[in-house]
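So the chains spell out like this:
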Amino acid sequence: MPKLMHFFKQLVGRSPESGPVPDCYILTGIPRAGTTLTCKLLSEQKQVVGLNEPIPFRELQSRKDAVSRIHESLAAFREGLLRDGAAPVRGKDGRITDNHFERTASGNRKRVIKRSRVVFSKPLNEDFKLFVKHNAVFTLLLDELSTCYPCYAMVRNPLAVLGSWSTVSVPVSRGQIRYLGLLNPEAQEKLVQIEGLLNRQLFLLDFYFKTYTELPQHHILRYENLISSNGSVLEEIIGHSYEVKTPLSGKNKGTVYSRDQMLRMGEALLAAKDHHCWRFYDRTEVEALYTFYEGQQ
C-alpha cells in the first residue's frame, strides 16, 4: 500500500483550480449491479479505459473536497495512461477483474480485489474515452457530477441485488452507505431511524434507484441487457462497434443465494409499492425471479 499511495500522490497534484476534464465519463450504480464487470468490458475496447474505484476517498472533508479530488484524479489518470499506460485500479493480482468477490456455490464470498497499479497494454490517442467508476460516492454526488461529465448508472433486478448483498461484506450488506452522513446528512438521519437490517437495505436500495431517476433514460444501463446482448449495449456509450472478448452469463439465479432469504426479501420488496425500483423494473420481472426461488428445494 505505501508504494501505491506514493504512485497516486505522484499522479495527483492538489490544485484549488481543478475543474472538469474532457473525454471523461462517470460510471456509477447500485453495489453488486455489474459496474466492476462493465469496467473490465470497457477496458477491452479500442480507445476506451474503464477504471474500477481508482480514487481513494480517505479522510474526505466535504462535497467540495470530493468533487475537487475527482477532477484532479481524472486529469492525473489521463496523463498517466497517455504517458506509460498505467493507472491505479481495484483489481486482482495486478490486473482488472470483473468481480470484487470470489465466486462460490453458496455462502459468504471472500473479497479478492485490492487497489494496485495496473498497466493497460494498448495504444491510446489523446482523446481516448476514460470511464471511472465508484458506486457510493459518485451516486451521492450525482447532482453535481452530472453538470460536469456524462454520467451513467447501472441497475439490476432489485431482488437479485438484495440477494447479492446478503452474500458479501460491503457497507450496504450491513445497512450502510459509506460517506452518507458527510455527503447527504438528511438521508443518513432517516436511515438511523429505521429498525431492522432488511428495512434499512430497502431504504438504501430505494435511495440508489431514486437518485438515478435524475439521469436520462439512455444513461441507465441494465445488468440484464448487458448480459443478454453479450456486452454490445455498450456501443451506445463508447461510440463505436463493440468487440466481444469476454462471454457473459447472468448471475441472477444461482445456489449462492439462500432460497429462504430470497423469498423473505422478495415478499418485502413486492410489498413496497412506492419503491423507486419500479421506475426501472416491472413487477413481473421481480415476481419471475421470486417464483424461480420459490421452486427451489
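Calculation criteria
Position numbers for residues start from 1 in each chain and track the written sequence from start to end. Whole-chain, interface and lining totals are the exception, using all residues; otherwise, since this is a predicted model, local features are given only for residues with pLDDT of at least 70 and side-chain atom pairs are given and counted only at 80 or more. In computing side-chain values, all of the structure's heavy atoms are included and hydrogens and water are not. Secondary structure follows DSSP: runs of H or I at least 4 residues long count as helices, runs of E at least 2 residues long count as strands, and numbering of each begins at the N terminus. The criterion used for residue contact is that any of the two residues' heavy atoms lie within 4.5 Å. Calculation of accessible area relied on Shrake-Rupley with a 1.4 Å probe; when residues are assessed, cover is drawn exclusively from the protein chains displayed. Categorising residues by exposure relies on relative accessible area from a 1.4 Å probe, with only protein chains included: less than 20% of the type maximum marks a residue as buried, more than 50% marks it as exposed, and the intermediate range marks it as partly exposed. For the purposes of these results, a polar contact is taken to be a pair of N or O atoms within 3.5 Å, where, inside protein, one atom must be able to donate a hydrogen and its partner to accept one; residues adjacent in sequence count only when each atom of the pair is a side-chain atom. Helix axes are fitted to C-alpha atoms over the stretch in contact, other axes to C-alpha atoms as well, and angles between N-to-C directions run from 0 to 180 degrees. Between 65 and 115 degrees an angle is taken as roughly perpendicular, under 35 as roughly parallel, over 145 as roughly antiparallel, and anywhere else as oblique. By definition, any crossing whose near helix is turned counterclockwise from its far helix by less than a right angle is left-handed, and any crossing with a clockwise turn is right-handed. Nonpolar residues are Ala, Val, Leu, Ile, Met, Phe, Trp, Tyr, Cys and Pro. Charged residues are Asp, Glu, Lys and Arg, and all others, Gly as well, are polar. Pairing between two strands requires that DSSP report at least two bridges joining them. Salt bridge, as used here, is a side-chain nitrogen of Lys or Arg placed within 4 Å of a carboxyl oxygen of Asp or Glu. The predictor reports its confidence for every residue as pLDDT, a score running from 0 up to 100.

Help me get a handle on the overall build of the protein, residues and values and all.
Helices and strands together make up the secondary structure of the protein, namely 13 helices and 7 strands. Put simply, 80% of the contacts in the protein that link residues at least 6 apart link residues at least 24 apart. Accessible area of the protein: about 13900 Å², with a carbon and sulfur share of 48%.

Please provide a residue-by-residue account of the environment of proline 20, values included.
Inspection of the secondary structure puts proline 20 in the loop between helix 1 (2-11) and strand 1 (24-29). Counting along the chain gives 48 residues from proline 20 to serine 68, while the straight-line C-alpha distance between them is 9.2 Å.

Which residues make up the side chain of histidine 71, and what values go with them?
Tracing the sequence through the fold places histidine 71 in helix 3 (residues 63-84). Judged by relative accessible area, histidine 71 falls into the buried class, the value being 6%. Side-chain polar atoms of histidine 71 contact the side chain of tyrosine 149, separated by 2.7 Å. Contact partners of histidine 71, with chain neighbours within four places excluded, come to Ser18, Gly19, Pro20, Val21, Cys148 and Tyr149.

Which residues make up the packing of helix 6 (residues 158-165) against helix 12 (residues 259-271), and what values go with them?
It is the contact of helix 6 with helix 12, at a shortest axis distance of 10 Å, that shows an interaxial angle of 135°. With respect to helix 12, the axis of helix 6 lies oblique. For the element pair helix 6 and helix 12, the recorded crossing hand is right-handed. Where helix 6 approaches helix 12, its residues Pro158, Leu159, Leu162 and Gly163 are matched on the opposing element by Met262, Met265, Gly266 and Leu269. By residue class, the composition of the contact of helix 6 with helix 12 is 6 nonpolar, 2 polar and no charged.

With reference to specific residues and values, describe the sheet that holds strand 5 (residues 129-133).
Sheet architecture is open: 5 strands sit in the order 2-5-1-6-7, paired in parallel fashion. The open sheet has two free edges, formed respectively by strand 2 (48-52) and strand 7 (220-222), since each of these has just one partner strand. Neighbouring strand axes in the sheet, compared pairwise and without regard to direction, differ in orientation by 25° on average. Across 5 bridges, the pairing between strand 2 and strand 5 is parallel. Bridged to valine 48 within strand 5 is lysine 129. Where helix 2 (residues 35-43) meets the sheet, it contacts strand 1, strand 2, strand 5 and strand 6 (151-155), and its direction lies at approximately 150° from that of strand 2. Relative to strand 6, helix 9 (residues 197-212) is tilted by about 140°, and along the sheet it contacts strand 1, strand 6 and strand 7.

Describe the pattern of salt bridges, naming the residues involved and giving the relevant values.
Overall, the coordinates contain 11 salt bridges when judged by the stated rule. Across the pair glutamate 44 and lysine 40 runs a salt bridge, and its minimum N-O distance is 2.7 Å. Two residues, glutamate 186 and lysine 190, come together in a salt bridge whose shortest N-O distance is 3.9 Å. On the criterion of helical spacing, the pair formed by glutamate 186 and lysine 190 is a turn pair, its members being 4 residues apart in helix 8 (residues 185-192). Residues participating in the shared-partner salt-bridge network are Glu79, Arg83, Asp84 and Arg117.

How would you sum up the confidence of the model for the protein? Please name residues and give values.
Should the pLDDT be low somewhere, the predicted coordinates at that spot are not to be read in detail. Looking at the protein, pLDDT values average 89 and 86% of them are 70 or higher. In this model residues 1-10 is a low-confidence stretch, pLDDT under 50, and it forms 15 contacts with partners more than four residues away in sequence or in other chains. Taken together, the stretch residues 12-17 has pLDDT below 50 and engages in 10 contacts with residues farther than four places along the chain or on a different chain.

Talk me through the packing of helix 8 against helix 9; I want residue IDs and the actual numbers.
Running from N to C, helix 8 and helix 9 point in directions that differ by 155°, and their axes come no closer than 10 Å. By the criterion of interaxial angle, the relationship of helix 8 to helix 9 is roughly antiparallel. Two packed elements cross with a definite hand, and for helix 8 against helix 9 that hand is right-handed. Residue-level contacts link Ala187, Lys190 and Leu191 of helix 8 to Arg200, Phe203, Leu204 and Phe207 of helix 9. When its residues are assigned to classes, the contact of helix 8 with helix 9 shows 5 nonpolar, no polar and 2 charged.

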